[in-house]
Each structure stands twice: as structure tokens, then as C-alpha cells.
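Observations on chain architecture
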Amino acid sequence: MKPVINALLFFLMTFDVGLATDNDPIVVIVHPSNQFSDISTDELRRAYSGGMQRWQDGQKLLVLENPLEHEIRATFHRVILKDDPAKQYFLPDSPVLFMPTVRSSSRSIVIYCKRFKNAIGYVRLSEVRPGVKILTINGLGPDDDAYIFE
Amino acid sequence: MNIRTIQETISRFALLKCGVLLKRLSISVVFILVTLIVPSLASADDLDNLAKQMQSMEQRHQREMRDLRAQIEALTRQQTSPAITSTAQLQERVSDLEEEVEIIHDDDAGILERMDRAVHMDLYASIFFKDIEGDNSTFDANKLDLVLSGSLSERLSMGAEVEFERTATVDPDSSRSGDIELEQAWLEYYISEGFRPRFGVVLLPFGKFNLNHYEPVRDLSARPIMMRRIIPTSWSDVGFGFSGSKQLKNSFIRYQAYVVNGLTAELTSTSTRSARSAFGKDNNDNKALVGRVALFPDDDLELGFSAYQGKYDNENDATILGLGTDVSYSWKRFEFLGEYAQFDVDDGLLADGVTPAPDEYQGFYLQANYHFWPSSLNDTFLGRGFSNPTFTTSLRYGRAQVRNDGTAAIGDNDEDRWTVGFNYRPIEAYVFKFEYLFNSTENEALEMGGTDGLLISVNAAF
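Residues numbered from 1 in each chain as written. Chains lettered and ligands numbered in written order. Predicted model: local features only at pLDDT ≥ 70, side-chain atom pairs only at ≥ 80, totals over all residues. Heavy atoms only, no water.

Here we come to the overall build of chain B. Helix and strand counts for chain B stand at five helices and 16 strands. Burial analysis of chain B (462 residues in total) assigns 40% to the buried set. Taking the intrachain contacts of chain B between residues at least 6 apart in sequence as the baseline, contacts between residues at least 24 apart amount to 58%. For chain B, the accessible area works out to roughly 24800 Å², and carbon and sulfur atoms hold 59% of it. (Helix = DSSP H or I, 4+ residues; strand = E, 2+ residues; numbered from the N terminus. Buried < 20%, exposed > 50% of the residue type's maximum accessible area, 1.4 Å probe, protein only. Contact = heavy atoms within 4.5 Å. Areas by Shrake-Rupley, 256 points an atom, 1.4 Å probe, with all protein chains shown as cover.)

From N to C terminus, chain A includes four helices and six strands. Counted from the first residue to the last, chain A has its helices and strands arranged as α-β-β-α-β-α-β-α-β-β. Out of the 150 residues in chain A, the part that is buried amounts to 47%. Expressed as a percentage of contacts within chain A between residues at least 6 apart in sequence, the contacts between residues at least 24 apart total 70%.

A surface patch of like charges, here negative, comprises Glu92(B), Asp96(B), Glu98(B), Glu99(B), Glu100(B), Glu102(B), Asp106(B) and Asp107(B). For Asp96(B), the location among the structural elements is in helix H3 (residues 87-117). (Patch = residues over 30% accessible without salt bridge, like charges linked within 9 Å, V, L, I, M, F, W, Y side chains within 5 Å. Salt bridge = Lys/Arg side-chain N within 4 Å of Asp/Glu carboxyl O. Lys, Arg positive; Asp, Glu negative; His and termini not counted. Charge placed at Lys NZ, Arg CZ, Asp CG, Glu CD.)

As a further point, take the interface of chain B and chain A. On the chain A side, the residues contacting the 31 residues of chain B number 28 residues. Across the chain B to chain A interface the summed buried area is about 2600 Å²; carbon plus sulfur atoms make up 50%. The largest per-residue losses of area from chain B upon contact with chain A belong to Glu154(B), Asp299(B) and Glu428(B), which jointly make up 22% of the total buried on that side. Applying the counting criterion to the chain B and chain A interface returns three salt bridges. Linking chain B with chain A are seven residue pairs in polar contact (both at pLDDT 80 or more), by the criterion used here. (Buried area = accessible area lost by both parts, 1.4 Å probe. Polar contact = N/O pair within 3.5 Å; in protein donor to acceptor, adjacent residues only side chain to side chain.)

Once that is clear, we can look at the nonpolar core. Counting residues in each nonpolar core, the largest one holds 37 residues, and the members touching the most others are Ile29(A), Leu44(A), Tyr48(A), Trp55(A), Phe76(A) and Ile120(A). Elements with a minimum of two residues in this core: strand S1 (26-30), helix H2 (41-47), strand S3 (62-65), helix H3 (71-81), helix H4 (106-115), strand S5 (119-124) and strand S6 (133-137) of chain A. For this core, the leading source of residues is S1(A), giving five residues. Residues Ile230(B), Ile231(B), Leu337(B) and Ala341(B) belong to the second largest nonpolar core, which totals 34 residues. (Core = buried A, V, L, I, M, F, W, Y, C linked by side-chain atoms within 4.5 Å.)

This paragraph deals with the packing of H4(A) against H3(B). Two measures define how a pair of helices packs: the angle their axes make with one another and the distance between the axes. Here H4(A) crosses H3(B) at 80°, and the two axes come no closer than 12 Å. What the angle tells us is that H4(A) and H3(B) run roughly perpendicular. On the side of H4(A), the interface is formed by Ile111(A), Tyr112(A) and Arg115(A), while H3(B) contributes His105(B), Asp108(B), Ala109(B) and Leu112(B). (Axes fitted to C-alpha atoms, helices over the stretch in contact; angles between N-to-C directions. Parallel < 35°, antiparallel > 145°, perpendicular 65-115°, else oblique.)

Next up on the list: the environment of Phe129(B). Residue and element names in this part refer to chain B. With respect to the helices and strands, the residue Phe-129 is situated in strand S1 (residues 120-132). Separated by 210 residues in sequence, Phe-129 and Glu-339 have C-alpha atoms that sit 27 Å apart. Those residues in contact with Phe-129 that lie beyond four places of it in its chain are Ser-137, Thr-138, Phe-139, Leu-454, Leu-455 and Ile-456.

Residue and element names in this part refer to chain A. If you trace the six strands from one edge of the open sheet to the other, you get S2-S6-S1-S5-S3-S4, paired in mixed fashion. With partners counted over all chains shown, the strands left at the sheet margins are strand S2 (38-39) and strand S4 (101-102), one partner each. Pairing analysis gives two bridges linking S2 to S6, with the strands arranged parallel. What sits directly across from Asp-38, in S6, is Thr-136. Lying over the sheet, H3 contacts S1, S3 and S5, oriented at roughly 110° with respect to S5. (Pairing = 2+ DSSP bridges.)

By themselves, these figures tell us nothing about what the structure is for.
As C-alpha cells, then:
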């Protein structure tokens, strides 16, 4: 009987972990005063590869990046940049490498987005705290079935 | 928590001290018994060893006691700092901490702002080894470029690039003298993302290669022939204009356009290179217009269209009209690049006032790159410590032609080149390149004539 119960518990634990990951999609966050509420995947790709250096209202972009070894960075880069998370990019028409501001944790990214009006970052939905705004991506939010990180 | 820790530490200290005393006592008793009962069995060496062991134990125990005393003192010091005993004190403490965090945040923001306003200096360097047929093999300190950029405010910025090319000395009479060239020096006044006026010395937006000619960025060291003889890369001129970008419904565009002094009558039968304008002098009253539009229909494709028009002769009569197109496309690990340019030259005289100008300059190149990395090399010296090392193999064909070159030589001047290359990038901005060039030519040589050769280079941007 005991092995059966153990197997059942193991199954439930696995199921639970799976649910937690599926229901915790990546979201793009900015300062609440940011006038934009949506960003396209093209704009995200350009922002995270150095091709977009300002918001459309002219403010310089502060691009916040997760550490290389974090799983969230691998997922984000695979989906948005379609490339290795370690890949570096040159600024457009320049020999200078694009250097995003790497923060050590999602919490730090949230704090930066809360403090800096020109910041953009990405974290898991469960890590979002009051004081930041979630941008929809291509018009879709994390609750939508067709959301890019679902 | 502190009191409990102190108590525990004191208990441990007391126990240890008792233990030490007991150990010392027992060892002494054993020692006395041994020396009294069996003196004949113990040699002098044994006794020495025993004494040393005792000494060592004593020292160890003294060390441990010193450490424990230090811990007790540290904990006592902590305990003497003001304890929080009420909600009011707690609130005060939280308020103090909030203030400290605010100060740290201000410092942080200040550092970011200062970094943003500071003049940034990057540099890139290229060192070559050339072994070309008919010439001595040579190590070549090809270039060192300083790339400067800065912002005076959110909307006022500048950029500059100074190149030292084979410059051992600036003495013009020395055989070791090289060039120091200003490739860019501009000021930008940002109005909107779609309209960013720029003034000064700019890289002319004619073809993608001229705008992005930097060695660490490219996968082959040798430039395509057309990029030296048809489009005179690095082609910069002084003037004003604007750059901008715009997100359209299904694509993204970048554009640049400038009014500049323009090409001069120093055209030759093999190149436009020497017709690049001086930065403070124009050979005629005409100003040239140059511009490029780049269209990005999707993530992996860039299509560029360029145009140039200006009078080149001293009499201000004859026009050069240039048209160009370029493409870059990525598909999985492959990358395809290509560019075509043509300059139609109106009848006119060159700078000597006698020689007629060539009719046309034209050229193109096509290049394929394949990027890869065998994971089996991750733990070798090639991969260890690098997060994304890459190998690239490249194949390029390029051709350049000067038609009716105006000299007595019969026929058009034509040169083409196959280039096969391989490079290794431990990181994106540091690259070792190896390539072989196969050249052939008709009539006057444009670049290397018919000589083949090996080119090895190390390029890096910092």
C-alpha cells in the first residue's frame, strides 16, 4: 500500500510543479508612468539586441536583463530573440557591443522598473509587485490563451 | 537571539576549558606512569615525540580558546547596540532604513545618469599577417580606431571615430609614418525617433557595408573589391542631414540622408577612392545628396536602397549618379549578404583638366556565412570560460568594373575575387580570421590584380 501512496504523492507533486510553471508566464514590465501599454515582439527583439535605444516618446531606454544562468533568460531569448541567451550583439552600424543592465534577480528588476521611468524588464508573473506596469505583447496579456509566453 | 548565542558560546567555552584540563591531566598522568614504570622501554626519541605532541595539542587548544573569546566579545558588542523594545522604536528604525535606502537609490540613479552623460570611449584594433604572391609576407599593424560617443542631455549627443592606420610615427618624412584619419565627428540634435538631425563629418549612407565596415563585426578581413574601388569605404564627408527610424504596420524602416561636399574630379581609371572630398574644401559650388533607406520586413531580412547625386568636376557641369542596393538575410545558422552599386558619370574632365572621366563604376559581392560550434570543444582551450564561442566559415565572390576608363588602355578595367575564410570568435567582439583570396583581372588592376594570397588577422573591439 505504501509504495502506491508514495507513487501517488510523487505524481501529485509533479503535477503541481507543472501547473506552477505553466501558470507563471514571463511578463514585460515598465514604470507605471510609461505611456505605452503594448509592445510588439519586433520591438522587444530590437530592445534586447541594441537596435532600439529609445522609447517612441524619445526617452532613452534602460534595458534590464536577467543573469545569464537564469532559466527565465534562456526562455525569453529563445522566444523573442530566437537565439542563444549568451549571444552578444553589436549596436547598429557600430563596433560597440550592446550592454544591457544586468540585475542579479527578478526582484531587482522589479525595483528598477518601479524607480526608473525609462526602464524595461521581464520577470515571471508571480514576481510582479505593485508599482510596475505589465505591457501586453502584440496586444495580448498573460491571461490570453494566445499570449506568447503561454 | 544574541543572549542565547552568548549563553551557548559560554557553555561551549566552559566545557572546552574543562575538557582541556581533563585532557592535560590525563596526559600528564600517563606520561608520569610511562616514565616511572617503563623507563627502560622508552627511548629518548619517543619521549621527544610525546612532548611535541603535547605541545601541539596545547597550542591547538589555546587557538580554540582565543577564537571563542573573540566570538564572545563580538556577540557582547552586538548586544550593547540599542535594542528595539517598542513599536515606536521599530518604526523609527524602519524610517531610518528607508532613508538609507533612498540615499543609496539616489546615488545609484546619479551613477547611471553620470554614466549616461559621460563620454564613452571604445576602441577596436586589427592586426594582419599577409602573404600575397609577388610580395614579401608582412605583419601589418593595420589599424587602431578610437570610437567616442557622449550625450550632453537626453537629446543632444555626439559621435566620433579616429583611426590610426599603420601609424608608427606622425613624422611625414619617416618611412614608418602612417595615417591618422578622422572618420566621423558629428553632433546630433534629437527631435523624434523619426527625425534626428545630424551635423559634421558622417559616414555616408551609401550601402550597408560603408556604414558597418568595422573589422570585428565582419567575418572576412579583406573588404570586397567594390568596397574599396567603387564605394570608397570608409567614405565619410562633411555636411548635415538626418537619420531616423519608423515602425510601420508590418515592417520597420531606418533611413539617413545628407547634404555633403561630394566626390571631386580626382576620380581615376581604377577607383573613386581618391575623389573623396576634403573636410574643409569643395572643388565646385555644388553639394551632393546621399541617402539610404533600409527596410526590415521581418526579423531576419534587411533590404537597403541607396542613392547619391552630385557634380564632381571643377567646372560644376558634370554629374555622378550612384544607385545601390544591399541585402542581408539570416536563416538558421546561415547568413547571406550581398550588395550592388553603380555610379554613372557624365562626360567631364578629371582634375588634370585633360583626361576624360570614366563612364561608369560598378561592382557587387555575394557572401554566405555558416556559424557553428561543436559542443565537444566546450572543455578545451577554445571553449573554456566563454559563454558563446563560435566558428564561422565564409565564401564570397565579388567583382568591380570601371567602364570606358578614359585612359589610352583598351577596354574596361575589371577585377574579381573569390574569398574562402574561416574564423573563430571566443566572444562576439574578438575574432581570429583566416582566409585565402583568389584574384583575377582584366586590363588595369583595380586592387590586387591577378595575385592570390593568404590573410590572417586578429580583430577585437573593447
